Amino acid sequence: MQHYTKQDILKLVEEEDVEFIRLQFTDVFGTLKNIAITSSQLEKALENRIVFDGASIDGFVGIEESDMYLYPDLDTFTIFPWRPQQGKVARFICDVYRSNKEPFEGDSRQILKRVLREAQEMGYEFYVGPECEFFLYPMDNEGKPTNTTTEKAGYFELGPVDFGENARRDMVLTLEEMGFEILGSYHEKAPAQHEIDFRYDKALNTADNIMTFKLAVKMVARRHGLHATFMPKPRMEHHGSGMHTHMSLFRDGKNIFDDPNGKAGLSEEAYYFIGGLIRHCKAITAVTNPLVNSYKRLTSGYDAPRYIAWAENNRSPLIRIPSARGMASRVELRSPDPSANPYLTIALCLAAGIDGIKNKISPPKLAKGNIFEMTEQERKKEGIETMPLSLKEALIEMEKDPLVCEVLGNHILKKYQQAKQKEWEEYINFVTNWEIEQYLYKI
């Protein structure tokens, strides 16, 4: 990532003929928002004087305290390659502040920055790499997205079987033009499902990159007449989309998870980090899997990580330790899905892992074999518990965990729980087609 000064930005905007600038920020629920300004207002934005109505954003503030300010992160300046080349469009990712110049406690990006500062005080630097999966579906005649496809492609297949190959190629080229280092892209397991992997980075950069990635994927898909969705489970008969999250801690440029003399080549800190994740995994699930629909993915039969265990190079538990060692030593949490707020997800994962290191929380014994093929009795004998099976269960677990409540803070915790409880109540009150088909003619 490049580092910019105000003068650098002013010079770039003039030289690149940037006429329109989007000041982007993310709400509590992981939705990208923005205010657009022209280049004539740039100096005002660089002086943190752009104000917006926070009462209009779900989960922010009431009308009695609505004036909020956007503070652009200069290093996030990017020109959108899909917009016109004359009168270009650029963006900043912003932090949100109150009118008294205090950081807004409901700004999830600042929650992550606070947890990162705490880790930095312990000498740690946190690196994260996501695997972002999504579906590409056609639009109907009215331009509305569908969840249907005639495609039959599976893992790693290519055109003409893979209908989204051309769109995915353009996504990769667009992302690279925006500064991403793309490690690979391919067709995933379900029809119309895809994955594009980009290189790991410092945690804040990765969270920003996830938000940018989702925007770019959607914009390029639309140019191809397709709708890109990060909905975890759009079709009940197919595999869902996850966002497997790879994590490592560095100190003084060294990956502290690596220890050639340690058991399985891992350090004590790595084991404690795993222990912390397992200790808090139920409570963070309401954030890593934030939708009613998220739990349709975490069901049996679709390789989703519903069992709380860890293993080396085994994709059936919640946590996997990939085989790479040295600088590539890492912990992979397999439960998050791409609908999650990446700032809160990464903040909670780091806080859980650091808690494990601070309190020397040892993980349970290594799981062996395919957990999906175990019987319930076998899993019980091994002490393997199950993740929350619904958003309601996850919210209960969240409220019981003091660490998770502390990380989120009172503002986000209250707003998040209220909104998700409402979502759950609306869902359970909804009469589905399945119920009509099952009961209407029988009862």
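Coordinates for the structure precede this section.
Calculation criteria
- Residues numbered from 1 in each chain as written.
- Predicted model: local features only at pLDDT ≥ 70, side-chain atom pairs only at ≥ 80, totals over all residues.
- Heavy atoms only, no water.
- Pairing = 2+ DSSP bridges.
- Helix = DSSP H or I, 4+ residues; strand = E, 2+ residues; numbered from the N terminus.
- Axes fitted to C-alpha atoms, helices over the stretch in contact; angles between N-to-C directions.
- Contact = heavy atoms within 4.5 Å.
- Core = buried A, V, L, I, M, F, W, Y, C linked by side-chain atoms within 4.5 Å.
- Buried < 20%, exposed > 50% of the residue type's maximum accessible area, 1.4 Å probe, protein only.
- 1 Å grid on protein atoms, 1.4 Å probe; cavity = no way out; pocket = protein on both sides within 12 Å on 5 of 7 lines; lining within 4 Å.
- Points joined across faces, edges and corners; volume = space filled by probe spheres on them.
- Nonpolar A, V, L, I, M, F, W, Y, C, P; charged D, E, K, R; others polar.

**Student:** Give me the lowdown on the sheet that holds strand 1 (residues 18–26), citing residues and values where you can.
**Tutor:** Pairing in this open sheet of five strands is mixed, and the strands run 2-1-5-4-3 from one edge to the other. Edge strands, defined here as strands with exactly one partner in the open sheet, are strand 2 (32–38) and strand 3 (50–53). On average, adjacent strands in this sheet sit at an angle of 40° to one another, irrespective of strand direction. Pairing of strand 3 with strand 4 (residues 67–79) involves four bridges; the strand directions are antiparallel. Paired with Phe52 across the two strands is Met68, which belongs to strand 4. This element, helix 5 (residues 203–223), spans strand 1, strand 2, strand 4 and strand 5 (88–98) of the sheet and lies at about 135° to strand 5.

**Student:** Give a detailed account of the nonpolar core, specifying residues and quantitative values.
**Tutor:** Ranked by size, the top nonpolar core spans 93 residues in total, and within it Leu23, Phe60, Phe92, Phe126, Leu249 and Ile319 carry the most contacts. It is helix 6 (residues 268–288) that contributes the most residues to this core, twelve residues altogether. Sequence-distant contacts of Phe60, that is, excluding residues within four places in its chain, are made with Phe25, Thr26, Asp27, Val28, Phe52, Gly54, Met68, Val96, Phe104, Gly106, His411 and Lys415. Met178, Ile210, Ala216 and Ala221 belong to the second largest nonpolar core, which has 25 residues in total.

**Student:** Account for the layout of surface pockets, with residues named and values stated.
**Tutor:** If you add up the space inside the largest pocket, you get close to 790 Å³. Contributing to the lining of the largest pocket are 40 residues, with Glu131, Glu195, His244, His246 and Glu332 lying nearest its centre. Taken together, the elements giving at least two residues each to the lining of the largest pocket come down to strand 6 (125–138), strand 7 (182–187), strand 8 (193–198) and strand 11 (243–251). Sort the elements by how many residues they give to the lining of the largest pocket and strand 6 lands first, with six residues. Of the residues in the lining of the largest pocket, the class split is 17 nonpolar, nine polar and 14 charged.

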